[in-house]
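# Secondary and tertiary structure notes
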Amino acid sequence: MLLVLGRRVSLSFVKRVIPQDPVLLSKPILQNFRTIKFRVIHSSTVFAIATRQNTDTMPERRPFVRLPTDVYPVNYGLCLKPDLIDFTFEGKLEAIVEVNLATNQIVMNCADIDIITASFVPEGGEEINATGFNYQNEDEKVTLSFPSALQKGSGTLKIDFVGELNDKMKGFYRSKYATPAGEIRYAAVTQFEATDARRAFPCWDEPAIKATFDISLIVPKDRVALSNMNVIDRKPHPEDDSLLEVKFATTPIMSTYLVAFVIGEYDFVEGQSSDGVTVRVYTPTGKAEQGKFALEVAVKTLPFYNDYFNVPYPLPKIDLIAIADFAAGAMENWGLVTYRETALLIDPKNSCSSSRQWVALVVGHELAHQWFGNLVTMEWWTHLWLNEGFASWIEYLCVDHCFPDYDIWTQFVSADYTRALDLDALDNSHPIEVYVNVREVSLSDECKPRTVDLWDCLEQASGKPIALVMSSWTKQMGFPIIVVDQEQQGDDRILKISQKKFCASGPHNGEDCPNWMVPISICTGEDPGCTKLKVLLDSPETTITINSVSPDQWVKINPGTVGFYRIQYSSAMLESLLPGIRDLTLLPVDRLGLQNDLFSLSRAGMISTVEVLKLMEAFVNEPNYTVWSDLSCNLGVLSSLLSHTDFHEEIQEFIRDLFTPIGLKLGWECKQGEGHLDALLRGLVLGKLGKAGHKPTLEEARRRFKDHVEGKQILSADLRSPVYLTVLKHGDSATLDTMLKLHKQADMQEEKNRIERVLGAISAPDLIQKVLTFALSEDVRPQDTVSVIGGVAGSSKHGRKAAWKFVKDNWEELHNRYQGGFLISRLIKRGHCIRCISKVSRPLDFFHILLHYRLILKCIK
Ligand code: BES
Ligand code: ZN
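Thresholds, definitions, all that
Residues numbered from 1 in each chain as written. Chains lettered and ligands numbered in written order. Predicted model: local features only at pLDDT ≥ 70, side-chain atom pairs only at ≥ 80, totals over all residues. Heavy atoms only, no water. Helix = DSSP H or I, 4+ residues; strand = E, 2+ residues; numbered from the N terminus. Buried < 20%, exposed > 50% of the residue type's maximum accessible area, 1.4 Å probe, protein only. Contact = heavy atoms within 4.5 Å. Areas by Shrake-Rupley, 256 points an atom, 1.4 Å probe, with all protein chains shown as cover. Donors = N, O, S within 2.8 Å, 3.2 Å for Na, K, Ca; no water. UniProt positions renumbered as here; feature names shortened; annotations may be inferred. Polar contact = N/O pair within 3.5 Å; in protein donor to acceptor, adjacent residues only side chain to side chain. Salt bridge = Lys/Arg side-chain N within 4 Å of Asp/Glu carboxyl O. Pairing = 2+ DSSP bridges. Axes fitted to C-alpha atoms, helices over the stretch in contact; angles between N-to-C directions. Phe/Tyr/Trp six-rings, centres within 6.5 Å; stacked < 30°, edge-to-face > 60°. Lys NZ or Arg CZ within 6 Å of the ring centre and 35° of its normal. Expected span 1.5 Å × (residues − 1).

To continue, consider the overall build of the protein. The secondary structure content of the protein amounts to 24 helices and 29 strands. Buried positions account for 60% of the 861 residues belonging to the protein. When contacts within the protein are restricted to residue pairs at least 6 apart in sequence, long-range pairs at least 24 apart make up 70% of them. Only carbon and sulfur atoms are counted for the fraction: they give 53% of the accessible area of the protein, which is about 33,700 Å².

Distances from the zinc ion (ligand 2) to its protein donors, His365 (NE2), His369 (NE2) and Glu388 (OE), fall at 1.9 to 2.1 Å. Binding-site remark: the zinc ion (ligand 2) is held by donors from one chain whose sequence spacing is H-x3-H-x18-E. Linking His369 in helix α3 (residues 353–369) with Glu388 in helix α4 (residues 384–402), this pair joins segments that are 19 residues apart in sequence. We note that His369, like Glu388, is buried.

UniProt records the feature "active site" (unreviewed entry) for Glu366 in the present numbering. Looking at the element boundaries, Glu366 is found in helix α3. In this structure Glu366 touches Ala330, Met331, Glu332, Val337 and Tyr339, once residues within four positions along its chain are discounted.

Within the secondary structure, Asn634 is located in helix α11 (residues 625–642). Asn634 sits in the buried class, given a relative accessible area of 5%. A distance of 2.7 Å separates a polar atom in the side chain of Asn634 from a polar atom in the side chain of Gln595. What Asn634 contacts, discounting residues up to four positions off in sequence, is Gln595, Asn596, Phe599 and Met616.

The next thing to look at is the pattern of salt bridges. Scanning the model with the defined rule gives 41 salt bridges in all. We note a salt bridge from Arg340 to Asp784, for which the minimum N-O separation is 3.5 Å. Of this pair, Arg340 sits in strand β22 (residues 336–340) while Asp784 sits in the loop between α18 (765–775) and α19 (785–793); the two residues are 444 residues apart in sequence, bridging distant segments of the chain. Looking at Arg340, the relative accessible area reads 7%, which means it is buried. Overall, the relative accessible area of 2% leaves Asp784 in the buried class.

With that settled, the discussion passes to the sheet that holds strand β18 (residues 266–272). Taken together, the five strands give an open sheet; going across it, the order is β18-β19-β20-β22-β21, and neighbouring strands pair in mixed fashion. Each edge of the open sheet carries a strand with a single partner, namely β18 and β21 (330–331). Its contacts with the sheet put α3 on β20 (317–323), β21 and β22, and the angle it makes with β22 is roughly 150°.

It is generally the case that most residues other than glycine have a negative phi and that most peptide bonds are trans. The linkage connecting Glu193 with the following residue, Ala194, adopts the cis geometry, with an omega of 5°. With respect to the secondary-structure elements, Ala194 resides in the loop between β12 (184–191) and β13 (212–220). Of note, the phi angle at Asn310 is positive, near 60°, even though the residue is not glycine. Residue Asn310 is classed as exposed on the basis of its relative accessible area of 67%.

On to the sheet that holds strand β7 (residues 128–129), then. Spatially, the eight strands line up as an open sheet ordered β7-β6-β10-β4-β3-β13-β16-β15, and their pairing is mixed. Lying at the two open borders of the sheet, with one neighbouring strand each, are β7 and β15 (231–237). Bridge count between β15 and strand β16 (residues 240–248): six bridges; the pairing is antiparallel. Its bridge partner being in β16, Val231 is matched across the sheet by Phe248.

Residue placement: Tyr135 occurs in strand β8 (residues 132–136). Residue Tyr135 is classed as buried on the basis of its relative accessible area, which comes to 10%. Sequence separation of Tyr135 and Asp112 is 23 residues, and the distance between their C-alpha atoms is 9.8 Å.

The next thing to look at is the pairing of strand β10 (residues 153–164). Here 12 bridges tie strand β4 (residues 88–99) to β10, and the two strands are oriented antiparallel to one another. Within β10, the position partnered with Phe89 by the bridge is Gly163. Bridging between strand β6 (residues 113–122) and β10 involves nine bridges; their strand directions are antiparallel. Within the sheet, the bridge partner assigned to Ser119 lies in β10 and is Lys158.

What follows deals with the packing of aromatic side chains. One pass over the structure, following the stated rule, counts 35 aromatic pairs. Geometrically, the ring pair formed by Phe309 and Trp371 is tilted, given 5.3 Å between the ring centres and 40° between the ring planes. Of this pair, Phe309 sits in helix α2 (residues 292–310) while Trp371 sits in the loop between α3 and α4, and the two are 62 residues apart along the sequence. An identical accessibility class is assigned to Phe309 and Trp371; each is buried. Joined through ring pairs, the aromatic side chains of Tyr76, Phe89, Phe172, Phe192, Phe201, Trp204, Phe213 and Phe261 make up one cluster. Stacked on the ring of Phe64, the Lys or Arg Lys141 has its end atom at 6.0 Å from the ring centre. Seen from the ring of Phe293, Arg356 lies directly overhead, with NZ or CZ sitting 5.8 Å from the centre.

What follows concerns helix α13 (residues 676–691). Taking 1.5 Å as the rise per residue, α13 with 16 residues should run 22 Å; its terminal C-alpha atoms sit 23 Å apart, in good agreement. Once α13 ends, the next one or two residues include Gly693, with phi positive near 80°.

Shown next as structure tokens:
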């Protein structure tokens, strides 16, 4: 079972970048930067899963081995001097280490780094120079050899090294930006999760090997230099007065993947949380105002989490910084959280409601990690789901606290819950826990939880068999479909319930169908918001009696849409639920859940599409944004599928008919007293009507677009996406040119992204080609190329073919850019399935997609 949580989990942490030519392995890496061709393979069990189908083409891999624990770090004294012109850096490491077991070798992680000198100074003893550095490039390790054994006890390991500020958005890398005057410059920034700290300095790059860090940066004196901790000293560099040496306070004991530094030009806004933490939001220069919204969220959220976890945030400061080139959405580095610009910056005039909501969720997510992940860290990457799972859930708590009017928990059901069900129903899903290599002896298990520890605690607190129930969910892939039928017996309702594995590709027919321990709750029409009965289904089928239910009352399973399963009702039961949708007596999450279940059943070929369309018609009176959003997304999938058939025009008509009443009710102008959800709903409905060719909407969109372009009446931020989409969908080459001009003129990344995402809607084949070429141009930031190509792939039959051909034709360039990271998996996913824009806007994509990646590689070859 993948659960909600998988969406943030990327496989990048199990990748390995290795030189293709084994002869190069022992040569210093820097010399080879321009000659080595990299290829990506995955390690560990996940690797094994991925290659099972194509072992014939893949080379044998040595089994993965964790670092030896005979020498481990206590404190890293680290000084780095980046060169923002030549894109290199020099580093000096002085690590206090503990030798557990006498040895004449130290094995550390190290990748794309050239060691110049290394030595070991035993406490109170003589310095011993290392006599060899043996790089095991494939394993991203280096073995330092010493002429004599290092004895048990403390000592200092000294290493001088050099590296490259790469352009791959991982490790210590360069990020391009333009000054307000338009000059192109570079910042030096980091992204270490999961295993890229080793690209910035030799280290023990495993989450359980924690140490303290004393970091110094030598930087041009006109640049901002930031790291996890506050600055404690700043002095001119003795040899070069254009440089400053900035020293940061000692960190708490922490994992390497959470270390960060940033050197660049930024402005900031500052606040103080009620519990005394200094919060700063760093923005590109001249845009400090755009940091205010995130600052407000962070200042409110820190004390909320302090109370909620009952543990204070341990650092004196936290910085949130927007980085121009950033592969993920955001990263929770302790005390220095990095974000894509669009996940942090809000302009009061030019940002739309969905951007605000996204920023609030991302800030809430990364701040939750300051506790879940940073303070308490998983013992090994196998347990990463504990990290990402909790943060992905707690971000909603935060947003609900800061913005109760967002009704964010209903949105959770559509954005996270149903999305997780969709993915986990695929044949290439995986259990929550994927064994990423063997678990070896760790230094100390304190504060390094494993999944079983969580179940133990919950079991003790509840007195219930949590571990037994939960292991059926975390260790098995997928989830069940619950098949229900009913019979009235006097005053009682008898339910016949059975379970079998739900598969997106059709019902599970195999003999060995897995079983789950399924907590099932049931409500009736008498009180739709209240659970009448709870049972634990622990067998393939059972019969349940609900007392005193009159024959005219409906019975519904899974009130609140919280259980992780799909439901298939008998026709009569389903029929009895329809009036509850029409008259809104069923709760919004239940209306949403019913529709979503039925849609996925039809997608799996288990029921006819006509049944879903009939159900959708019952939503004529629907007022709820999230319900519409989910339904609209599913209709989008259907419409894409039908674009391959003669029914294309019919489904457009169906969409127009379904959305016209709500469109008329909402109109184009924001009315007094409206809030966040009304703005979201208006954008959704007008976009849907426009795209489906609803004439009055198309005409009005064209009129407003013209006024916008001519500067007569600037479109409100919330109307831009639907208007851009509508005019492009029904536009010609002049429309595309105007849109590209707007893109060039846009100062905000949010606006550029907004345009990039809809460009693919253009219909003419030659214009589609133009959009694809644009995707790889200098005008699109590397991390955003995928959404342009994805937009093309998701918009039409021709677009999908053209995008796929484009990916194949440009594979080398794309592969070189993303190096097997999560952006490439996102690209492949976009090329292959059809999802609506709202659901693919998350920057990170699913775990299992990378498993596809290898097959696709093969296919392209
Ligand atoms: N820690 C992750 C980012 C990450 C995970 C980087 C695995 C590298 C490997 C971060 O907390 C995260 O989940 N980021 C999300 C944004 C979030 C709000 C959903 C992302 O980048 O999509
Ligand atoms: Zn996260």
